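# Structural overview for review
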Amino acid sequence: MSTAITFSEYGGPEVLTVSTVPMPEPGPGQVRIRVRAAAVNPIDARIRAGIMRDVFPVAFPEVPGWDVAGVVDAAGADAGFALGDEVFGVASTGGYRAYALLDRPFAKPKGLPFETAAGMVTVGEAAYRALEHLDMAAGQTLLVHGAGGSVGAVAVQLAVARGITVVGTAAERDIERIGALGGTGVRYGEGWVERVTAAAPGGVDAVFDASGAGVLGDSVALVGDAGRVVTIADPSYVEHGVRFTGMDPRDRFPEALPQLAELIAAGKLEVPVWRTYPLAEAAQAHTDIEGGRSRGKIVLLP
């Protein structure tokens, strides 16, 4: 048996409890890791609250989280890793736990802290995936909603590196940071369409919504084509004819993770860790996420 965080009903952060769960055993191609870091993402809180139940249904009791980094503790046949190897990836057993299984582990670069390796998994892959789906060319203009968040900030950096002009909506406190990453930040909220139009007088070619802030309708109108808008956070995507990306594993790009990890280790991509908590304080981590207080990744340390 081992320790994990579980929830047995939808609700606020208080439904997260410390539990004892069976020790997972790796099958062929899998590894079990002693988790050294497990990232907390806004989607974790949305799933826990039941907001995403139609997109990501759960079976109670549920172990939340996906993104982990740690040390191989046991390996199935043909797993490709040995005991003691440092790896990261998506946990197939939920990530908020002391021991987790990975179906597709990746070697962690030596210079990359466990906290950062776990923290970049979902945000890095989601940002990379959105840009792949939007298939933009250098010189085009991308609008990123939630550019001050972890996914949005990675999208800004990756897009700028591809020669794409980026405008990002964000809180006032994050506008300067977006500029430092190579984009143009504008304040979100009422009047954002006018502010974006002023910042991009030549028009916007595509929109990536990482905020889930009810901006899809105006985004489609701004671009003039629902097919040029992608969201990872707004469950109202169907009514707007917008693509929701991420719910289907076949829609993802895990093969991008080693490349992104190397960029971070080399100082060419920024995914800052804002705060770490012991595993038992997962509820406080969710409170921080939902309160909008975080200025980077929040990571649990089992």
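Preceding this section is the structure that the text describes.
The notes below deal with the structure included here. (Residues numbered from 1 in each chain as written. Predicted model: local features only at pLDDT ≥ 70, side-chain atom pairs only at ≥ 80, totals over all residues. Heavy atoms only, no water.)

## Remarks on the overall build of the chain
- Along the backbone of the chain there are 10 helices and 15 strands.
- The C-alpha radius of gyration of the chain comes to 19 Å, within 12% of the 19 Å expected for a compact globule of 302 residues.
- With the C-alpha coordinates aligned to their principal axes, the bounding extent of the chain is approximately 60 × 40 × 30 Å.
- A buried classification covers 53% of the 302 residues belonging to the chain. (Helix = DSSP H or I, 4+ residues; strand = E, 2+ residues; numbered from the N terminus. Rg over C-alpha atoms; globule rule 2.2 N^0.38 Å. Buried < 20%, exposed > 50% of the residue type's maximum accessible area, 1.4 Å probe, protein only.)

## Comments concerning the pattern of salt bridges
- Across all of its chains, the model carries 12 salt bridges by this definition.
- Notably, a salt bridge pairs Arg173 with Asp174, separated by 3.8 Å at the nearest N-O pair.
- Residue Arg173 is classed as partly exposed on the basis of its relative accessible area of 41%.
- Ionic pairing is found between Asp251 and Arg243, a salt bridge with its closest N-O pair at 2.9 Å.
- Overall, the relative accessible area of 12% leaves Asp251 in the buried class.
- In this structure, a network of salt bridges that share partners links the residues Glu25, Arg32 and Asp73. (Salt bridge = Lys/Arg side-chain N within 4 Å of Asp/Glu carboxyl O.)

## Some words on the environment of Gly267
- For Gly267, the position within the fold is in the loop between α9 (257-265) and β14 (273-278).
- Separated by 34 residues in the primary sequence, Gly267 and Leu301 have C-alpha atoms spaced 23 Å apart.

## With respect to the nonpolar core
- Within the largest apolar cluster, 50 residues are counted, with the highest numbers of intra-cluster contacts made by Ile33, Tyr96 and Leu300.
- With 5 residues, the single largest contributor to this core is strand β3 (residues 31-40).
- Not counting residues up to four positions away in its chain, the partners in contact with Leu300 are Arg36, Ala37, Ala38, Val40, Tyr96, Tyr277, Pro278, Leu279, Ala282 and Ala285.
- Counting 48 residues, the second-largest nonpolar core is a separate cluster that includes Leu158, Leu257, Ile264 and Val299. (Core = buried A, V, L, I, M, F, W, Y, C linked by side-chain atoms within 4.5 Å. Contact = heavy atoms within 4.5 Å.)

## Focus on the packing of aromatic side chains
- Scanning the entire structure with this criterion turns up 6 aromatic pairs.
- Here Phe88 and Phe106 contribute two aromatic rings whose centre-to-centre distance is 5.9 Å and whose plane-to-plane angle is 40°, an arrangement assigned as tilted. One end of the pair, Phe88, is in strand β5 (residues 86-90); the other, Phe106, is in strand β7 (residues 106-107), with 18 residues separating them in the sequence.
- Residue placement shows Arg162 over the ring face of Tyr128; its charged tip is 5.5 Å from the ring centre. (Phe/Tyr/Trp six-rings, centres within 6.5 Å; stacked < 30°, edge-to-face > 60°. Lys NZ or Arg CZ within 6 Å of the ring centre and 35° of its normal.)

## Some details on helix α7 (residues 216-223)
- If you check which residues of α7 are buried, you get Leu216, Ser219, Val220 and Val223. Buried residues in α7, looked at end-on, bunch into an arc of 100°, giving them a common side.
- Looking one or two residues past α7, Gly224 carries a phi angle of roughly 85°, positive in sign. (Arc of directions from axis to C-beta.)

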